[in-house]
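Analysis of the macromolecular model
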Number of protein chains: 2
Amino acid sequence: MIRINPDFLSYVEVLVEKHLDYFTLEKYTAKEVVLKQDKRYHSLFIIKSGITKCYLSDENGKDFIQEFLGEGMEFGELEVFSRKLSFCTIEAISEVELYKISHQNYTQLLENDPIFNRLVMKSLAAKIAYKAPRHSFQQSYSIEENILKLKKSYPNFDKVFSKKDIANYLGITVRSLNRTLNNLN
Amino acid sequence: MIRINPDFLSYVEVLVEKHLDYFTLEKYTAKEVVLKQDKRYHSLFIIKSGITKCYLSDENGKDFIQEFLGEGMEFGELEVFSRKLSFCTIEAISEVELYKISHQNYTQLLENDPIFNRLVMKSLAAKIAYKAPRHSFQQSYSIEENILKLKKSYPNFDKVFSKKDIANYLGITVRSLNRTLNNLN
DNA sequence: TTATAGTTGGGACATTTGTCCTTTTATAAG
DNA sequence: CTTATAAAAGGACAAATGTCCCAACTATAA
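Residues numbered from 1 in each chain as written. Chains lettered and ligands numbered in written order. Predicted model: local features only at pLDDT ≥ 70, side-chain atom pairs only at ≥ 80, totals over all residues.

**Examining the protein's contact with DNA strand C**
The environment of DNA strand C is made up of Ser142, Ile143, Ile172, Thr173, Arg175 and Ser176 of chain A together with Ser162, Lys163, Lys164, Arg175, Asn178 and Asn182 of chain B. Elements with a contribution of two residues or more to the surface near DNA strand C: α8 (174–183) of chain A together with α7 (163–170) and α8 (174–183) of chain B. Tallying contributions element by element places α8 of chain B first for the surface near DNA strand C, with three residues. Of the residues in the surface near DNA strand C, the class split is two nonpolar, six polar and four charged. (Near = placed C-beta within 6 Å. Helix = DSSP H or I, 4+ residues; strand = E, 2+ residues; numbered from the N terminus. Nonpolar A, V, L, I, M, F, W, Y, C, P; charged D, E, K, R; others polar.)

Structure below.
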């Protein structure tokens, strides 16, 4: 449920020491927005600590949460390759520490540091490999089965996240979430 | 609905000429399976022509179609980075021509050809950027709205694909698909 | 030709999920 | 302390979707 990538974070921390001018450390408090959907940015972020949510909003104001991101996850990197506007919003859930790096310096690292290059590839591949089965399962199974699955991987998910966030993650309404949680007791 | 990547294909065709020993050209007929879920492979493929479907099967035998892949799309590449078993099945829908390359040679190219490296990054990023809104939309909107969207991007989708494939792509039953198609007339 | 299996189409009903609304509780603001 | 605002919980009903059928129509193999 909360995605992490410790290997990537470790290596980024090495790079932070090596290229002092490439990275800046920023802090955000809960509910602060780091990136806004449909805006253009020239930097991206790697999470040092804390949790954010990554979501898409549609024209009706409904939000759909793509993932909860924890330490070592990067975001805003897709726009380096696509050169398009940010396609999701990133919002802090807890207090968060982020390494910020410009597209330009990021590209430098990609081109000159093969280890970094490989880790970014892995991180992209992992995002795909994670999304696919989630989409599949969420689409094909009942709400009850989806909640049971969530409970298994995150026994106390209902303590950490608001009901609204959980519902937006599962693509359902809070009403349906409550109903199903009741049936499980 | 059918994903393509002509830029990638163009460059692969350049590489095919340059590294004659890296690539082999294979042909598959409709309904042939190229990769099976949960098997280990040591090669991956780039589509030169034709259409395949990429799907996940669950323990109940339900299939969920991730994407329809057309020219220039690669598949089997995620396993180069994750070193895991194939996480989906790839099946030819029409007659298909594929360039096959071993993980080893692919890695060689990634490490020694910066243009290729960049194109692979782009291709991975595009897969993520495509999956996210699709998942979001499919989850949040009615079947009718999903079909209308499909119709807009692929006016004759119901001629090219079987009802079952369309239903598996939308994560619904054929019954619901038929019902909704009727309501639209 | 016949047999067989796969695809399409749809009726009838059950179940799931959403919508709308009200109440309660918690939290923040003045 | 009071007021405002947001989060949580759930009742009642409506709408969407799935399940289980059966029938008609291919296509294909024997």
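This is not the end of the story, as more comes after the structure.
**Focus: the environment of Ser162 of chain A**
Residues and elements named next belong to chain A. Tracing the chain through its elements places Ser162 in the loop between α6 (157–160) and α7 (163–170). Given 11 C-beta atoms within 10 Å, Ser162 falls into the exposed group. For the pair Ser162 and Leu56, spaced 106 residues apart in sequence, the C-alpha to C-alpha distance is 17 Å. (Buried ≥ 20, exposed ≤ 12 C-beta atoms within 10 Å, placed from the backbone.)

**As for the sheet that holds strand β4 (residues 43–49) of chain A**
Residues and elements named next belong to chain A. Overall, antiparallel pairing links the four strands, which are arranged β2-β9-β4-β7 in an open sheet. The open sheet is flanked by β2 (23–28) and β7 (74–75), the only strands paired with a single partner. Sheet topology note: the β2/strand β9 (residues 96–102) ladder contains six bridges and is antiparallel. Bridging from a neighbouring strand, Leu25 pairs with Tyr99 of β9. Of the strands in this sheet, β2, β4 and β9 are in contact with helix α1 (residues 6–18), which crosses β4 at around 110 degrees. (Pairing = 2+ DSSP bridges. Contact = placed C-beta atoms within 7 Å. Axes fitted to C-alpha atoms, helices over the stretch in contact; angles between N-to-C directions.)

**Concerning the protein's contact with DNA strand D**
The environment of DNA strand D is formed by 13 residues, the closest being Lys163 of chain A together with Ile143, Ile172, Arg175 and Ser176 of chain B. Sorting the residues of the surface near DNA strand D by element identifies α7 and α8 of chain A together with α5 (143–153) and α8 of chain B as the ones contributing at least two each. Examining the composition of the surface near DNA strand D, we find that three residues originate from one element, α8 of chain A, more than from any other. In the surface near DNA strand D, the residues fall into two nonpolar, six polar and five charged.

**Observations concerning the environment of Phe45 of chain B**
Residues and elements named next belong to chain B. Here Phe45 lies in strand β4 (residues 43–49). The class for Phe45 is buried, based on 23 C-beta atoms found within 10 Å. Between the C-alpha atoms of Phe45 and Leu35, which are ten residues apart in sequence, the distance is 9.7 Å. In contact with Phe45, other than residues within four places in its own chain, are Val34, Glu74, Phe75, Gly76, Leu98, Tyr99 and Lys100.

**Some thoughts on the pairing of strand β5 (residues 52–57) of chain B**
Where a strand is regular, its side chains alternate between the two sheet faces. All names here are of chain B. Counting buried positions along β5 yields five of six residues, so the element is predominantly enclosed. Sheet topology note: the β5/strand β6 (residues 63–69) ladder contains six bridges and is antiparallel. Within β6, the position partnered with Cys54 by the bridge is Glu67. From the end of β5 to the start of β6, which pair antiparallel, there are five residues, and Gly61 there has a positive phi angle of about 85 degrees. Bridging between β5 and strand β8 (residues 89–92) involves four bridges; their strand directions are antiparallel. Opposite Lys53, over in β8, you have Glu91 as the bridge partner.

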